[in-house]
Amino acid sequence: MNLRLFNPSCEMEVANGCCYYNPPKFPLLLESDLGVLPMYFSNTNDYLLVDNLPEIDNFLKNFYNTKFILKNNIDKIADKQFDKFLPWGISPRAFNFINKIKKNFSNDFLQSPIGNYSEEKHKKLFSRDLSSEVLKKFISQYGNSFFPTLDQLPQKLFDTRSALELFNIKFDTGNGVVFKAPMSSSGRGIQMFRKREIDDNFKNWLKYIFRTQGFVMCETLFDKKDDFSLHFKIENSIPKFIGVSIFKTSNNGFYIGSVAKKFNNIPDFSVEFTLNLVENIKKVLCESNFCKNYSGFLGIDGITYYESGNIKINPFVEINCRHSMGLLAMMLEKFSLLENPASFLIIQQSDFQKYIPITADISTDGKILSGFLQLSDKKSKYFKAGLYVE
């Protein structure tokens, strides 16, 4: 039996470092409205910490049999014994929720890389700086004509002058540039430029990131074709490959949705190429801090892109040592007809009405035939999550 928590702002929580950190409005709205999502990773009789007791479709409630407990009522489960605490992502704030019942967890968990949380060891796992180091090592060892060149990889910058100089260099040699905060979540902390235009808002953003996080990452903006994720689970310092998910983002890099299906290959590349790539990635991961100081789900976001008329691949846009929406979409494949897979979507309330019919048509064996099956709390105010079949 496990205890779970949805904390989509985990990267920001780690960056802040304080267990009493209060995330900004946007991730808090996600956390409240979509707090039920860890249920779809659950085993029977798992507990899930939530802000409010949710209203969930009986079909889903009976399938998972997850028990909900209010965050401010955690004392009510002080008599339960748990194997693990499984937040969406590890952070000081997440572990603060269970301080009162820490003795209720197994000793194996408390001594594990997750249960034995250490800011010194774990903070770097969430930084794009570490993702960049792994990518550079991968390209140095296994790079070929399908991958970016070393000069196209992310660079670490420490002041505004260097950032503006590299901005101009990138535009002289490519299609654009991307600046990223070392730590961010929910699609935030990214500045994309497709035109050579800079305003004071961007300069102020740079100053803020330099002041709060010390540096920014700058990389080439590729002519993107598809987004994908490679999913792993690290256990006993060994990464096990789970599968490929395909997802979509907005022009600004915000997550929109995923196909509810596990794929065996990356778009435009063969299964053989994908498996060879995965084996080389596993070798690099085994030598990194991800395998040394972390256990649990790990997703590597990548893209395919066009360059000089060819399709190429960047397999390490970022590494996320947490649960992810792409992984969740793969887990929901059981509800989708494979010949017409559903889309897992996160929708703002203002856009919800365009998904007609709202109520899903479910077959007798639990497959979505058409419509929108809401997976989040039906009382959610700003965001909804669900599976949609036209």
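The preceding data block contains the structure.
Now for a quick tour of the structure. In this text the structure is predicted, and so the values were computed from the model without any measurement. (Residues numbered from 1 in each chain as written. Predicted model: local features only at pLDDT ≥ 70, side-chain atom pairs only at ≥ 80, totals over all residues. Heavy atoms only, no water.)

**Structural notes on the layout of surface pockets**
Piece 1. Size it by volume and the second largest pocket reaches roughly 650 Å³.
Piece 2. Considering the residues around the second largest pocket, the lining is formed by 31 residues, among which Lys84, Leu86, Lys233, Ser295 and Gly296 are closest to the centre.
Piece 3. Contributing elements (two or more residues each) for the lining of the second largest pocket: β1 (2-5), β4 (84-87), α5 (107-110), β9 (223-235) and β12 (296-307).
Piece 4. Residue composition of the lining of the second largest pocket, grouped by class: 14 nonpolar, 10 polar and 7 charged. (1 Å grid on protein atoms, 1.4 Å probe; cavity = no way out; pocket = protein on both sides within 12 Å on 5 of 7 lines; lining within 4 Å. Points joined across faces, edges and corners; volume = space filled by probe spheres on them. Helix = DSSP H or I, 4+ residues; strand = E, 2+ residues; numbered from the N terminus. Nonpolar A, V, L, I, M, F, W, Y, C, P; charged D, E, K, R; others polar.)

**Description of the sheet that holds strand β3 (residues 67-70)**
In a beta sheet, neighbouring strands pair by backbone hydrogen bonds and run either parallel or antiparallel.
Piece 1. Spatial ordering of the open sheet is given by β3-β2-β1-β4, a layout of 4 strands whose pairing is parallel. The open sheet has two free edges, formed respectively by β3 and β4, since each of these has just one partner strand. Strand after strand, the sheet turns through a mean of 25° between neighbouring axes, direction not considered.
Piece 2. Pairing between β1 and β4: 4 bridges, direction parallel. Bridging from a neighbouring strand, Leu5 pairs with Pro87 of β4. (Pairing = 2+ DSSP bridges. Axes fitted to C-alpha atoms, helices over the stretch in contact; angles between N-to-C directions.)

**A closer look at helix α7 (residues 128-142)**
Piece 1. Taking 1.5 Å of rise per residue, the 15 residues of α7 would be expected to cover 21 Å, and the 21 Å separating its terminal C-alpha atoms lies within 8% of that figure.
Piece 2. Taken together, the buried positions of α7 are Arg128, Asp129, Leu130, Ser131, Ser132, Val134, Leu135, Phe138 and Ile139. (Expected span 1.5 Å × (residues − 1). Buried < 20%, exposed > 50% of the residue type's maximum accessible area, 1.4 Å probe, protein only.)

**Quick look at the environment of Asp108**
Piece 1. Among the secondary structure elements, Asp108 is positioned in helix α5.
Piece 2. With a relative accessible area of 65%, Asp108 lands in the exposed category.
Piece 3. With 25 residues separating them along the chain, Asp108 and Asp83 place their C-alpha atoms 8.1 Å apart.

**Examining the pairing of strand β16 (residues 368-374)**
Piece 1. Burial analysis of β16 places 5 of its 7 residues in the buried class, the great majority of the element.
Piece 2. Here strand β15 (residues 361-362) runs beside β16; their pairing, made up of 2 bridges, is antiparallel. Note on β16: the bridge partner recorded for Asp361 is Ser370.
Piece 3. In this structure, the hairpin formed by β15 and β16 is closed by a connection of 5 residues, where Gly366 is found at a positive phi of approximately 85°.
Piece 4. One ladder, built from 4 bridges, connects β16 with strand β17 (residues 383-389); its direction is antiparallel. Bridge pairing in β17 links Gln374 to Gly386.

**A few points about the sheet that holds β16**
Piece 1. An order of β13-β12-β9-β10-β11-β14-β17-β16-β15 is seen for the 9 strands of this open sheet, with the pairing classed as antiparallel. One side of each edge strand has no neighbouring strand; the edge strands of this open sheet are β13 (310-320) and β15.
Piece 2. Where helix α10 (residues 271-286) meets the sheet, it contacts β9, β10 (238-249), β12 and β13, and its direction lies at approximately 120° from that of β10. (Contact = heavy atoms within 4.5 Å.)

**Let's talk about unusual backbone geometry**
Piece 1. One non-glycine residue with positive phi stands out, namely Asn236, at about 55°.
Piece 2. Structurally, the position occupied by Asn236 is in the loop between β9 and β10.
Piece 3. Judged by its relative accessible area of 73%, Asn236 falls in the exposed class.
Piece 4. Even without being a glycine, Ser237 presents a positive backbone phi close to 70°.
Piece 5. Summarising the element assignment, Ser237 is placed in the loop between β9 and β10.
Piece 6. For Ser237, a relative accessible area of 40% puts it in the partly exposed group.

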